[in-house]
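# Structural overview for review
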Amino acid sequence: MIRFGIIGTNWITDRLLKAAMQIEDFSLKAVYSRSSEKAEEFAAKYGVETTFTDLESMAKSDAIDAVYIASPNSLHAEQAILFMNHKKHVLCEKPLASNVKEVTEMIQAAKENRVLLMEAMKSTFLPNFKSIQENLHKIGTVRRYTASYCQYSSRYDAYRSGTVLNAFDPTFSNGSLMDIGIYALYPSIVLFGKPETIKASGLLLSSGVDGEGSILLQYKDKDAVMMYSKITDSALPSEIQGEEGTIIIDRISTIEKVEIRYRDGRLEDISKPQKEDTMYYEMKEFIDLIQNDLYESTINTYENSIKVMEVMDEARKQIGVVYPADQN
């Protein structure tokens, strides 16, 4: 049984816990919030007795073995390192940190303390992503990857009315690329590695974050095009185009339906059954790694987390998005 604490009492934590409760070896033992009232309210919902309003006390606690971090992006590195220095395993929401410098420091802390650090990018653990990897050879030489993830943020209405909430505040290392674009970018890095060149453009909002943008990655024999937005919606699927056919992906963040369209007109559905609570797979991987005394995922590897962040750092530089965390 792996005893967890959670940092962050928002909707993403609720969704993670709904999935995690399906895993026999998961046990929620502690909840952190800056507000004791909020911590107790959230804990009561899940029958948890132990709450914290002080992270240092929680990190030192013998009540937990691991922590799930779903705080604002700008706090990930500091919080993760604190817990790892107290020998706690860390499952940290994507993006892993604000920039590659922070990611490198987190990985160093994980190695020094011999604990597991894993980026909670769920899509690469999904059965249907594995199906893409297993069937990729069928479409011949890959020439292009295109991914679209555009989802109008519920907080954008407030922004348009003059209220800048966390989702559009650079103080928290937020914005379209970090929150949405990473879903389009991560599979490209896992499947094809680091590109040779990066070209990025985006719409810089007055708050200092990007509302939407596009990234073009150039590889030696292919290119990858990513479009993402928090200020518009899109129903476009994503694709991997090969010389013998094309893999069509319905939704890059959850990958529920995948099919191959061959050049000769044949269609092949390569979708696999997968749980509706898609965060199940990342938590299952995390727990399995701990129980097997393994300190790095073979899927969301440290190398993948670094490469993704390197691309995002360069894209932000080209777009003009700068965070307070970049000044440290």
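Where an unreviewed UniProt entry is consulted, the chain appears under the name Gfo/Idh/MocA family oxidoreductase, with the organism given as Metabacillus hrfriensis.

### Notes on the overall build of the chain
Counting secondary structure elements, the chain contains 10 helices and 14 strands. A compact globule built from 328 residues should have a C-alpha radius of gyration of about 20 Å, and the chain, at 20 Å, falls within 12% of that. Viewed in the frame of its principal axes, the chain has a C-alpha envelope of about 60 × 45 × 35 Å. For the chain, with 328 residues in total, the buried portion stands at 57%. Excluding contacts between residues fewer than 6 apart, the proportion of contacts in the chain whose partners are at least 24 apart in sequence is 69%.

### Section: the sheet that holds strand E6 (residues 117-120)
Taken in spatial order, the six strands make up an open sheet running E3-E2-E1-E4-E5-E6, and their pairing is parallel. Among the strands making up the open sheet, the edge pair consists of strand E3 (50-52) and E6. Taking the axes of each pair of neighbouring strands and ignoring which way they run, one obtains an average angle of 25° across the sheet. Pairing between strand E2 (residues 26-32) and E3: three bridges, direction parallel. Bridge pairing in E3 links valine 31 to threonine 51.

### What about the packing of helix H4 (residues 76-85) against helix H5 (residues 100-113)?
Where H4 contacts H5, the two axes come as close as 9 Å, and the packing angle between them is 5°. Between H4 and H5, the crossing angle belongs to the class labelled roughly parallel. Every residue of H5 that contacts H4 at His76, Ala77, Ala80, Ile81, Met84 and Asn85 is listed here: Glu102, Glu105, Met106, Ala109, Ala110 and Asn113. For the contact of H4 with H5, the class distribution of residues is seven nonpolar, three polar and two charged.

### So, the sheet that holds strand E13 (residues 258-262)
Strands sit in the order E8-E9-E10-E7-E11-E12-E13-E14 across an open sheet of eight strands; the sheet is mixed. Single-partner strands in this sheet number two, and they are strand E8 (197-204) and strand E14 (267-269). Strand-to-strand, the axes of this sheet are offset by a mean angle of 10°, without reference to chain direction. Taken together, the three bridges between E13 and E14 define a ladder with antiparallel strand orientation. Along E14, the bridge assignment pairs arginine 261 with leucine 267. Across the sheet, helix H8 (residues 176-192) is in contact with strand E7 (142-150), strand E9 (210-218), strand E10 (223-229) and strand E11 (238-242); its angle to E10 comes to roughly 160°.

Rules of the game
Residues numbered from 1 in each chain as written. Predicted model: local features only at pLDDT ≥ 70, side-chain atom pairs only at ≥ 80, totals over all residues. Heavy atoms only, no water. Helix = DSSP H or I, 4+ residues; strand = E, 2+ residues; numbered from the N terminus. Rg over C-alpha atoms; globule rule 2.2 N^0.38 Å. Buried < 20%, exposed > 50% of the residue type's maximum accessible area, 1.4 Å probe, protein only. Contact = heavy atoms within 4.5 Å. Pairing = 2+ DSSP bridges. Axes fitted to C-alpha atoms, helices over the stretch in contact; angles between N-to-C directions. Parallel < 35°, antiparallel > 145°, perpendicular 65-115°, else oblique. Nonpolar A, V, L, I, M, F, W, Y, C, P; charged D, E, K, R; others polar.

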